[in-house]
Amino acid sequence: MFSFAARGVRTIMTSELKKVPIPRKGVDYRGKIVLAPMVRSGELPSRLLALHYGADLVWGPETVDRSMIGTTRRYNPETGTIDWTRKPSGGSSAPPGPDVKDSIIYRIHPEKEAGKLIFQIGTSNPDFAVQAARLVAADVAGIDVNAGCPKPFSTHDGMGAALLKTPDKLCAILEALVANIVPEFEIGISVKIRILETAEMTEALVRRLVATGITGLTVHCRTTPMRPRERAIRGQLRMIANVCHEAGVACLMNGDVESREQALKLIEEFGVDGAMIATSAEKNSSCFQAEADGGLLPWTDVVKQYIRYALEVENKYGNTKFMLTQLIPGKAFVYRDISSCKSYTKTCEMLGYDDLAERAREVDLSLEIDPDNTGKKKNNKKANKTALAAGGQTAKSRGAGSSAKKNLSERGVLIPSKAPAGELASLPA
């Protein structure tokens, strides 16, 4: 009896101590509270904001393999960023002309994100996954495969949550990345999934995934059909953590995690290794800050810090404006005024950021935005005259129908009209 009990204790201890080796340039997910991959809300200024307030790691927005393949890596001395760019095709089979401006597909800050950025890839093809990963692997701390996005623009091409229904393909993708990326770049490979309909189905899938050579697995505690307004289901979480630990793989949880303090309690309760914050970070990134360091801050403090980062890296204004509508409460008196702004200069003026006014004007001019808020681009006066001629009623109708769902191009996603589905860039996880 004693020997059986002792054997059981030894088994538990061995299971607890087992860890897959973390590659030399990779990062261990254990003990980390991290920013989730999110469309628009995971662009560079948002990631810098999360790190500023204490996020241990940040995931970039899902970037589709085909959108990365063919990009050129460039260092931008003006912003201190590394940009992966390509010419937009505009739906034409002919190559774009020399005057066509490059589109930024992915952007990082090599100094401020060093050792803390995870590149999440959208893929349904092992070869394409490896090709895309090679382009960024030297500049990030890990590659994560998105197998959890439930949105049709991801699942229709077999990516995201669709991979949960094709486990052979998902495992092949992970194995290809482990075999080709890990030895050369010395970073880890991980995967983000959702729970399946039954615990038995989830367990079978997780056992296959942790056997591919990955170093980490994140589980979003919702099924594919579930939406964020539905409460996360955590009944399978401890089982998933146990399966990961048997294989020595780190397990992160995602779903209704709202703050660092709550995350630490959930980690202890369910035996996971870390937690991922999404919606709460989108609304106020100071949720990563420990209560001892000040905890959740007023939105006014967070917004100004966000604007500083957006100006520093010359973030696309459309993305900055979207983020401001997330960070500023809808009941705040400046919310409606911000919605009408079309430039950094006017935004800073509206928010009373006189100390940022000069930089805001510089960034507007660099981005070819009229600082005086007409929205005209300096190098396209003819086109803007046409737009203004038809713009009065258009602007009114746009305001009246602001609740209508925006198409991908309005949401900052670059997609040529005849591009294959796989060319969607920066889609959500």
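An account of the accompanying structure is given in this report. Everything numeric in this text was worked out from a predicted model, so none of it was measured. (Residues numbered from 1 in each chain as written. Predicted model: local features only at pLDDT ≥ 70, side-chain atom pairs only at ≥ 80, totals over all residues. Heavy atoms only, no water.)

A count of helical and extended segments in the chain gives 18 helices and twelve strands. Working note: accessible area of the chain is about 20100 Å², and carbon and sulfur atoms make up 53% of it. (Helix = DSSP H or I, 4+ residues; strand = E, 2+ residues; numbered from the N terminus. Areas by Shrake-Rupley, 256 points an atom, 1.4 Å probe, with all protein chains shown as cover.)

The nonpolar side chains of a soluble globular protein tend to be buried with one another. Counting residues in hydrophobic clusters, the biggest one holds 85 residues, and the most contacted among them are Ile143, Leu177, Val191, Ile193 and Leu217. Ranked by residue count, the leading element in this core is helix α6 (residues 167-180), at seven residues. Residue contacts for valine 191: discarding those within four places in its chain leaves Asp144, Val145, Ala147, Leu170, Leu174, Leu209, Ile214, Gly216, Leu217 and Thr218. Counting residues in hydrophobic clusters, the runner-up holds 31 residues, among them Ala310, Val313, Leu351 and Leu356. (Core = buried A, V, L, I, M, F, W, Y, C linked by side-chain atoms within 4.5 Å. Buried < 20%, exposed > 50% of the residue type's maximum accessible area, 1.4 Å probe, protein only. Contact = heavy atoms within 4.5 Å.)

This part takes up the pattern of salt bridges. The full count for this structure, using the stated rule, is 19 salt bridges. The salt bridge involving glutamate 312 is made with lysine 112; its shortest N-O contact spans 2.7 Å. Residue glutamate 312 is found in helix α12 (residues 299-312), and its partner lysine 112 is found in the loop between β6 (103-108) and β7 (117-122); the two are separated by 200 residues along the sequence. Between arginine 359 and glutamate 314 there is a salt bridge whose closest N-O contact spans 3.6 Å. Here arginine 359 is found in helix α16 (residues 357-366), whereas its partner glutamate 314 is found in the loop between α12 and α13 (317-327), with 45 residues between them in sequence. The exposure class of arginine 359 is partly exposed, given its relative accessible area of 26%. (Salt bridge = Lys/Arg side-chain N within 4 Å of Asp/Glu carboxyl O.)

Below, the discussion takes up the packing of helix α2 (residues 44-52) against α12. At a closest axis distance of 9 Å, the pairing of α2 and α12 adopts a crossing angle of 130°. Of the possible angle classes, the one that applies to α2 and α12 is oblique. Helix-helix and strand crossings are classified by hand; for α2 and α12 the assignment is right-handed. From α2, Pro45, Ser46, Leu48, Leu49 and His52 reach across to α12, where they touch Val302, Gln305, Tyr306, Tyr309 and Ala310. A per-class count over the contact of α2 with α12 returns seven nonpolar, three polar and no charged. (Axes fitted to C-alpha atoms, helices over the stretch in contact; angles between N-to-C directions. Parallel < 35°, antiparallel > 145°, perpendicular 65-115°, else oblique. Left-handed = near helix turned anticlockwise from the far one by under 90°. Nonpolar A, V, L, I, M, F, W, Y, C, P; charged D, E, K, R; others polar.)

As a packed pair, helix α8 (residues 199-209) and helix α9 (residues 237-247) sit with axes 10 Å apart at the nearest point and diverge in direction by 20°. Between α8 and α9, the angle falls in the class roughly parallel. Judged by the sense of rotation from one axis to the other, the crossing of α8 with α9 is right-handed. Of the residues in α9, those touching α8 at Ala199, Thr202, Glu203, Val206 and Arg207 are Met239, Ile240, Val243, Cys244 and Glu246.

Here we take up the sheet that holds β6. As a general point, the strands of a sheet are linked pairwise by backbone hydrogen bonds and lie either parallel or antiparallel. Spatially, the three strands line up as an open sheet ordered β4-β5-β6, and their pairing is antiparallel. Of all strands in the sheet, those bounded by a partner on one side alone are β4 (72-76) and β6. Neighbour-to-neighbour, the strand axes of the sheet open up by a mean angle of 30°, direction not taken into account. Where strand β5 (residues 81-86) and β6 come together, five bridges link them in antiparallel fashion. Along β6, the bridge assignment pairs aspartate 83 with arginine 107. (Pairing = 2+ DSSP bridges.)

Right, let's get into α13. With eight of eleven residues buried, α13 is to be regarded as a mostly interior element. Those residues of α13 that fall on the buried side of the exposure criterion are Tyr317, Asn319, Thr320, Phe322, Met323, Leu324, Gln326 and Leu327. Elements in contact with the buried residues of α13: α2, α11 (279-283), α12, α14 (335-339) and α15 (344-351).

Once that is clear, we can look at the environment of glutamate 314. For glutamate 314, a relative accessible area of 13% gives the class buried. Counting along the chain gives 46 residues from glutamate 314 to alanine 360, while the straight-line C-alpha distance between them is 9.2 Å. Residues contacting glutamate 314, with those up to four places away along its chain left out, are Thr79, Arg107, Arg359, Val363, Ser366 and Leu367. In this structure the side chain of glutamate 314 is engaged in a polar contact, spanning 2.8 Å, whose partner is the side chain of serine 366. (Polar contact = N/O pair within 3.5 Å; in protein donor to acceptor, adjacent residues only side chain to side chain.)

This part takes up the pairing of strand β9 (residues 188-194). Of all seven residues in β9, seven are buried; the element is thus mostly enclosed. Alternating positions in β9 separate into two faces, Gly188, Ser190, Lys192 and Arg194 on one and Ile189, Val191 and Ile193 on the other, with burial throughout. Of the pairings in the sheet, the one linking strand β8 (residues 142-147) to β9 comprises six bridges and is parallel in character. Its bridge partner lying in β9, glycine 142 is registered against glycine 188. Relative to strand β10 (residues 216-220), β9 runs parallel, the two sharing five bridges. Across the sheet, arginine 194 pairs through a bridge with histidine 220, a residue of β10. As a crossover connection, the stretch from β9 through α8 into β10 is right-handed. (Right-handed = clockwise from strand over helix to strand, strands pointing away.)

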